[in-house]
Amino acid sequence: MKIAVLGGDGYLGWPTALHLSAQGHDILVVDNFARRQYDFELGAESLVPIRSLKQRVDKWREISGRTIEIMAGDLTDPEFTYEMVRKFTPEAVVHFAEQRAAPYSMIDRSHAVYTQVNNVVGTLNLLYAIAEIDPEIHLVKLGTMGEYGTPNIDIEEGFIEITHKGRTDVLPFPKQPGSFYHLSKVHDSHNIMFATKAWNLRSTDLNQGVVYGQETEETAMHSDLATRLDYDAVFGTVLNRFIVQATIGHPITVYGTGDQTRGMLDIRDTLQCIHLAIKNPAQPGEYRVFNQFTESFSISQLANLVSETFPGHVTVEMLDNPRTEALSHYYNAVHTKLLDLGLQPHLLSDTLISSLFGVVEQHKDRVDLDVMRPSVQWRKTSSPVREEKVAK
Ligand code: NAD
Ligand code: USQ
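Residues numbered from 1 in each chain as written. Chains lettered and ligands numbered in written order. Predicted model: local features only at pLDDT ≥ 70, side-chain atom pairs only at ≥ 80, totals over all residues. Heavy atoms only, no water.

Further remarks concern the sheet that holds strand β4 (residues 92-95). With parallel pairing, the seven strands of this open sheet are ordered in space as β3-β2-β1-β4-β5-β8-β12. Pairing within the sheet leaves two strands with one partner each, and these edge strands are β3 (68-72) and β12 (287-292). Adjacent strand axes in the sheet meet at a mean angle of 20 degrees, parallel and antiparallel pairs treated alike. The pairing of strand β1 (residues 2-6) with strand β2 (residues 26-31) spans five bridges and is classified as parallel. Paired with leucine 6 across the strands is valine 30, a residue of β2. Relative to strand β5 (residues 138-144), helix α9 (residues 267-279) is tilted by about 145 degrees, and along the sheet it contacts β1, β4, β5, β8 (202-208) and β12. (Pairing = 2+ DSSP bridges. Helix = DSSP H or I, 4+ residues; strand = E, 2+ residues; numbered from the N terminus. Axes fitted to C-alpha atoms, helices over the stretch in contact; angles between N-to-C directions. Contact = heavy atoms within 4.5 Å.)

Right, here's the structure in full:
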């Protein structure tokens, strides 16, 4: 198949592009390199060194004999987005290309606005391009489990049957997201559902949990094929951060009581899930939602797992939670649709954690302690424009 991987220079997009290419598909990678810019802005860097997109693609051609095409551009630019769809004529589009860090979206007004404009407008341009150029294209869009929040009932896969005053309907599951980033995904979901019905599109919304891990079968073939590993307090995700912290002898930073629970998955399962969604496309007019995670853990459980697996001494520090989120809460989310399609999960194991210790050990001299502690506070609004007005 011809598959466009949007955001294909990122943590998940790059290994997905490689994996789909290795399965024999023709791949186009699209990216505007915003992720590399955020690093400059934040003074942070991937722990594992990463090559430029061109170097990555050249190395892959040398190793596998397969070509991955590149188009550099921004999805918020409609001309670029239309041109990309028109020129490449994809059968499926995998859309990773969004600003994806909740803390980044909560820095201040301009980062919240940037996140929502980038994510919502990019997706809207893509929906129009697909509808006007080829409505047969299957859109596989990365959403997030965080769209649902933490309700006191079981979380269903996208939709819930509700009986109200004697009448029954199947309705989108209520959304209670916890950051302007997570809200952008909710807005995307509504736009995709509406456009799919209005224009008879095919779409799959993958509500993915927190991803951990760094190596996949293809990225492990050569260091030039490595994907990024973020550990800073803005882009680093929880288990990856805990593993880096344990390895360098930094306390593991549990926010709040550590009772908050999240659905999680191994990076290799992200690749498997995307491939399964593409192989089993949505029907015309169908908007479907898959909950893409394999296990749930509380933050304290993750801290304990890392402490117990690490061969040396580990300390755990309970920090005041910089976020606004429920701590003690019920969490039971359905996740059967991808298993029904054949997903074979890589469950979290001591072996995986130990192999990540190994990856971190190789690069631990690159850790910058200045970016480790949380710097963004959910409860504080800091808006330079407003402060200026107040000062006057
Ligand atoms: P990432 O930031 O590493 O990759 C996203 C890529 O998209 C980057 O390379 C960036 O430059 C590009 N991009 C952003 N805006 C763009 C635009 N307007 N036009 C073109 N390219 C643009 O993020 P990731 O961790 O690989 O996540 C990929 C997707 O998966 C995101 O949509 C994210 O919300 C979702 N997701 C990630 C996780 C996780 O734990 N990493 C979990 C659940 C869902
Ligand atoms: N946390 C800590 N200590 C840390 C870092 C995080 O206790 O050092 C806690 C947070 O308070 C939160 C949980 O760990 O309760 C998860 O935080 P995270 O930064 O790992 O993940 P999150 O902000 O939810 O975002 C990540 C990705 C995002 C994706 C989301 C999936 O960055 O793109 O959408 O995971 S989900 O969580 O299901 O919404």
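After that view, the rundown keeps rolling.
Bringing the site of ligand 2 into the picture now. Near ligand 2 lie 23 residues; those nearest to it are Thr144, Tyr181, Val238, Thr253 and Glu325. One of the backbone nitrogen or oxygen atoms of glycine 146 is found 2.9 Å away from an oxygen atom of ligand 2. Threonine 253 places a polar main-chain atom, nitrogen or oxygen, 2.6 Å from a nitrogen atom of ligand 2. Burial of ligand 2 by the protein amounts to 95% of the accessible area it has alone, namely 730 Å². A breakdown of the residues in the shell around ligand 2 according to their chemical character gives nine nonpolar, nine polar and five charged. (Near = heavy atom within 4 Å. Polar contact = N/O pair within 3.5 Å; in protein donor to acceptor, adjacent residues only side chain to side chain. Areas by Shrake-Rupley, 256 points an atom, 1.4 Å probe, with all protein chains shown as cover. Nonpolar A, V, L, I, M, F, W, Y, C, P; charged D, E, K, R; others polar.)

Looking at ligand 1, there are 27 residues lining it, with Asp31, Arg100, Asn118, Tyr181 and Lys185 nearest. In the model, a nitrogen atom of ligand 1 is placed 3.1 Å from a nitrogen or oxygen of the leucine 75 main chain. Taken together, the residues of the shell around ligand 1 sort by class into 11 nonpolar, nine polar and seven charged.

Before going further, it helps to examine a nonpolar patch on the surface. Where nonpolar side chains cluster on the molecular surface, the patch consists of Val113, Val117 and Val121 and spans about 200 Å² of accessible area. Mapped onto the elements, valine 113 comes out in helix α6 (residues 109-133). (Patch = residues over 30% accessible without salt bridge, like charges linked within 9 Å, V, L, I, M, F, W, Y side chains within 5 Å. Salt bridge = Lys/Arg side-chain N within 4 Å of Asp/Glu carboxyl O.)

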